[in-house]
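Given next are the chains, with one letter for each unit.
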Amino acid sequence: MDFSRLQSLQYDLNSTSTTTNLPSTILELVVPGYSTISQVALRFFGIDIGLLVTGWALVFGCRTAWRYIYDFAHDWIQNNYTSSIEIDDDDDLFNCVKAWLAEQTPKKPARKMKAVTDYDDNNKQKDDNVHDEQGYYKYELPNTRYEASYGIDNEFYHNGRYFKVIRSSIRDESRGTGFLKETLEIYCYGQNTQPIKDLVYHIKQWKMKQDSSMTSVFRAGSGGYWNRSTSRPSRPMQTVSLDPEKKEEILEDINEYLHPSTARWYAARGIPHRRGYLFYGPPGTGKTSLSFALAGIFGLSIYCISLNDKDIKESDLCILFDDLPDRCIVMLEDVDSAGLKREEEPASGEAAKKDDSGSGSDEDVNKDTTKDTSKTETPTGNISLSALLNVIDGAAAHEGHVLIMTTNTPESLDAALIRPGRVDMQVGFTLATREQVRQTYMRMYTITPEEQATSNRFSKIRSQAKVIDSETLKDMAERFAAQLPEDTLTPAEIQGYLLRRKKDPQRALDEASKWVEEMLEAKKNGKKLVGAS
Ligand SMILES: Nc1ncnc2c1ncn2[C@@H]1O[C@H](COP(=O)(O)OP(=O)(O)OP(=O)(O)O)[C@@H](O)[C@H]1O
């Protein structure tokens, strides 16, 4: 290329540029060689690059100015005309809001999200298409839920009103090294938080509707934290076989206790609003089952503490009780085997000072329960009896919850632990009575209306179940119960036996006496043969 000729053209070409063009010298500074490029473009293609660049600079300038004004106005409105409410991750609401948000249609599709496996969704899985060609169930991973990501504005409209939620996380060393504390901040326009409160109320109602058939279970963890361990379908009360009168008595007692007017009644009389129950009996007789059925009926979550857990310290226990929601069921599991360390106390020790002679206990567990707490026992657990008593009904103890203590050996419990005020009702669970055996058989083989409705969609394996009319089934249940000795086997053992024949009630009936023989023989020899054969 002849550059000397090109140079000589420079003056003429420059003279053709328009007055609206940016000075070439400025553009030359930004893009080296600009003059030469523009001259070539003008000469050979007739394109005035200067004009294009000027137009682009104008558009860019306007856009930047608009962005600046918009951000300024947005920040100003945000600071002066928006309201917000913050929710911390240790609050029950946090998960509700997160789950609700995941179901909303955002104002504009999010480009950054957080994927979470929705284990709760497992229970909602459909019956269809879960079996392979051979009819065997194929486990599928639960659904994925897409949640708001950190630092991103989640904007949406609810009832025609604009809302924004920002999820953020910061390090919180007070929870332990590396722990993060998450928060959700909900914004709306206006100088009043009422729309957000209404939204939160709406979310709570939504959650309650979702959870009405589920029971959330929390487990105590080290450091005094409640870990949501699972959410399971509520256990219907009729699936727990227990003396109907006893069941009714417990239900009425808890119903009365949970009523809001009862809390006021207690307060007016200076009585701490607490109610404790002791469920005692051999393993596998329904203590846990009844607790879950009660939680389902009253729509309460269950908070389980295993005092055997070596990770739980006395200081954790106080924090755990402090963090309980207003109304819930607290289950202290196997309080007998907890190895509560009984500190060396003088004869006039703490328990002796307490009034252990009050009334209110419905049943006497065992005379031994009045045993002397003054004697020294080898500490085997982290929790001392006095610490436990303190969280149950100390001066600063939590109120409003239903406390259920379960034990296999009530006679080994300290009198102080089960004195009235701490335990207000004792419920004994026994080895299976004839009626319980009959009920267990009926429960196992009665086809529920839901099963009936979907039975035609079940696969080959399911269709092997024999449908028997209710009168015949009742008769079979009687005959089954007649073959089992009373007060010898636990409901759990009988359930285990029936479960192995759950599609074949006739086989369960035919093989019952042989199984009973085996079980009795095994028990005599000290072997454990639960539901065997
Ligand atoms: N009274 C009962 N009514 C209905 N089901 C029962 C009953 N007792 C036991 N079961 C069945 O046996 C199994 C174990 O019962 P559960 O866990 O309630 O016993 P538990 O008394 O709490 O035992 P543990 O003392 O070992 O904790 C459950 O699957 C439950 O369905």
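Residues numbered from 1 in each chain as written. Predicted model: local features only at pLDDT ≥ 70, side-chain atom pairs only at ≥ 80, totals over all residues.

Participant: Any chance you could explain the packing of helix α5 (residues 92-102) against helix α6 (residues 194-211) here in plain terms?
Facilitator: A pair of packed helices is characterised by two quantities: the angle between their axes and the separation of those axes. Contact geometry for α5 and α6: axes closest at 10 Å, N-to-C directions at 85°. Comparing their axes, α6 and α5 come out roughly perpendicular. Within the contact between the two elements, α5 uses Leu-93, Cys-96, Val-97 and Trp-100 and α6 uses Val-200, Ile-203, Lys-204, Trp-206 and Lys-207. Residue classes in the contact of α5 with α6 are distributed as seven nonpolar, no polar and two charged. (Axes fitted to C-alpha atoms, helices over the stretch in contact; angles between N-to-C directions. Helix = DSSP H or I, 4+ residues; strand = E, 2+ residues; numbered from the N terminus. Parallel < 35°, antiparallel > 145°, perpendicular 65-115°, else oblique. Contact = placed C-beta atoms within 7 Å. Nonpolar A, V, L, I, M, F, W, Y, C, P; charged D, E, K, R; others polar.)

Participant: How should the site of the ligand be read in this particular structure?
Facilitator: As a structural note, the neighbourhood of the ligand is formed by 16 residues, with Pro-283, Gly-286, Thr-288, Pro-491 and Ala-492 the closest of them. Of all the secondary-structure elements, those providing two or more residues to the shell around the ligand are α9 (287-298) and α16 (491-499). Here the shell around the ligand spans two domains, and each of domain 3 (221-428) and domain 4 (434-524) adds at least three residues to it. (Near = placed C-beta within 6 Å. Domains from an automatic or database assignment.)

Participant: Which parts of the structure should I look at to understand the nonpolar core?
Facilitator: General note: in soluble globular proteins, nonpolar side chains tend to be found buried as a group. Counting 50 residues, the largest nonpolar core has Tyr-303 and Ile-329 as its most contacted members. Setting aside its immediate chain neighbours within four residues, Ile-329 contacts Ser-291, Leu-294, Ala-295, Leu-300, Ile-302, Tyr-303, His-401, Val-402 and Ile-404. Val-437, Tyr-441, Ala-477 and Tyr-497 belong to the second largest nonpolar core, which has 16 residues in total. (Core = buried A, V, L, I, M, F, W, Y, C linked by C-beta atoms within 7 Å. Buried ≥ 20, exposed ≤ 12 C-beta atoms within 10 Å, placed from the backbone.)

Participant: Is there a simple way to think about the environment of Trp-226 in this case?
Facilitator: By the element assignment, Trp-226 lies in strand β8 (residues 225-233). The spacing of Trp-226 and Asp-90 is 136 residues in sequence and 9.0 Å in space, taken between C-alpha atoms. The residues contacting Trp-226, other than those within four sequence positions of it, are Phe-218, Ala-220, Tyr-303, Leu-320 and Asp-323.

Participant: Explain unusual backbone geometry here, please?
Facilitator: Trans is the prevailing form of peptide bonds, just as negative phi is the prevailing case for residues other than glycine. The phi dihedral of Asn-159 is positive, around 50°, even though this residue is not glycine. In this fold, Asn-159 is placed in the loop between β4 (153-158) and β5 (161-171). Even without a glycine there, the phi angle at Asp-487 is positive, about 50°. By the secondary structure assignment, Asp-487 is in the loop between α15 (470-483) and α16. Judged by the 10 C-beta atoms lying within 10 Å of it, Asp-487 is exposed.

Participant: Looking at this model, I keep getting lost on the sheet that holds β5. Mind explaining?
Facilitator: Hydrogen bonds between backbone groups are what pair the strands of a sheet, and the pairing can be parallel or antiparallel. Spatial ordering of the open sheet is given by β1-β6-β5-β4, a layout of four strands whose pairing is antiparallel. Each end of this open sheet is capped by a strand with a single partner; those strands are β1 (82-88) and β4. Strand-to-strand, the axes of this sheet are offset by a mean angle of 25°, without reference to chain direction. Sheet topology note: the β1/strand β6 (residues 180-189) ladder contains seven bridges and is antiparallel. Its bridge partner being in β6, Ile-87 is matched across the sheet by Leu-184. Each of β1, β4, β5 and β6 is contacted by α5, which is oriented at about 115° to β1, the strand it contacts most. (Pairing = 2+ DSSP bridges.)

Participant: For this particular structure, what's the right way to read helix α18 (residues 512-524)?
Facilitator: What sets the pattern is the α-helix's 3.6 residues per turn: residues three or four places apart point alike. The first and last C-alpha atoms of α18 sit 18 Å apart over 13 residues, in line with the 18 Å expected at 1.5 Å per residue. The set of residues buried in α18 consists of Ala-512, Trp-515 and Met-519. Buried residues of α18 fall within an arc of 65° about the axis and therefore sit on the same side. Exposed side of α18, more than 90 degrees from the buried face: Lys-514, Glu-517, Glu-521 and Lys-524 are the residues found there. Packed against the buried residues of α18 are α15, α16 and α17 (505-510). Gly-526 sits one or two residues past α18 and shows a positive phi near 75°. (Expected span 1.5 Å × (residues − 1). Arc of directions from axis to C-beta.)

Participant: Explain the sheet that holds strand β10 (residues 302-306) here, please?
Facilitator: If you walk across this open sheet you meet the seven strands as β8-β7-β10-β11-β12-β9-β13, and the pairing is mixed. Here the strands that pair on one side only, and so sit at the sheet edges, are β8 and β13 (425-428). Strand after strand, the sheet turns through a mean of 25° between neighbouring axes, direction not considered. Pairing analysis gives six bridges linking strand β9 (residues 275-280) to strand β12 (residues 402-407), with the strands arranged parallel. Residue pairing across strands places Tyr-280 opposite Thr-407, the latter belonging to β12. Seen against the sheet, α9 touches β7 (214-221), β9, β10, β11 (329-333) and β12 and runs at an angle of roughly 170° to β11.

Participant: I'm lost on the packing of helix α13 (residues 434-445) against α16 in this one. Help?
Facilitator: The contact between α13 and α16 brings their axes to 10 Å, and the two run at 35°. Our pair here, α13 against α16, has a crossing hand that is right-handed. Here α13 contributes Gln-436, Val-437, Thr-440, Tyr-441 and Met-444 to the contact with α16, which in turn contributes Pro-491, Ile-494, Gln-495 and Leu-498. Per-class residue counts for the contact of α13 with α16 are six nonpolar, three polar and no charged. (Left-handed = near helix turned anticlockwise from the far one by under 90°.)

Participant: Quick question: what am I supposed to make of the environment of Tyr-189 here?
Facilitator: Mapped onto the elements of the fold, Tyr-189 is located in strand β6. Residue Tyr-189 is classed as partly exposed on the basis of its 15 C-beta neighbours within 10 Å. For the pair formed by Tyr-189 and Ser-84, sequence separation is 105 residues and the distance between their alpha carbons is 8.8 Å. In contact with Tyr-189, not counting residues within four places along its chain, are Tyr-81, Thr-82 and Tyr-162.

Function cannot be read off these values alone, since they describe shape.
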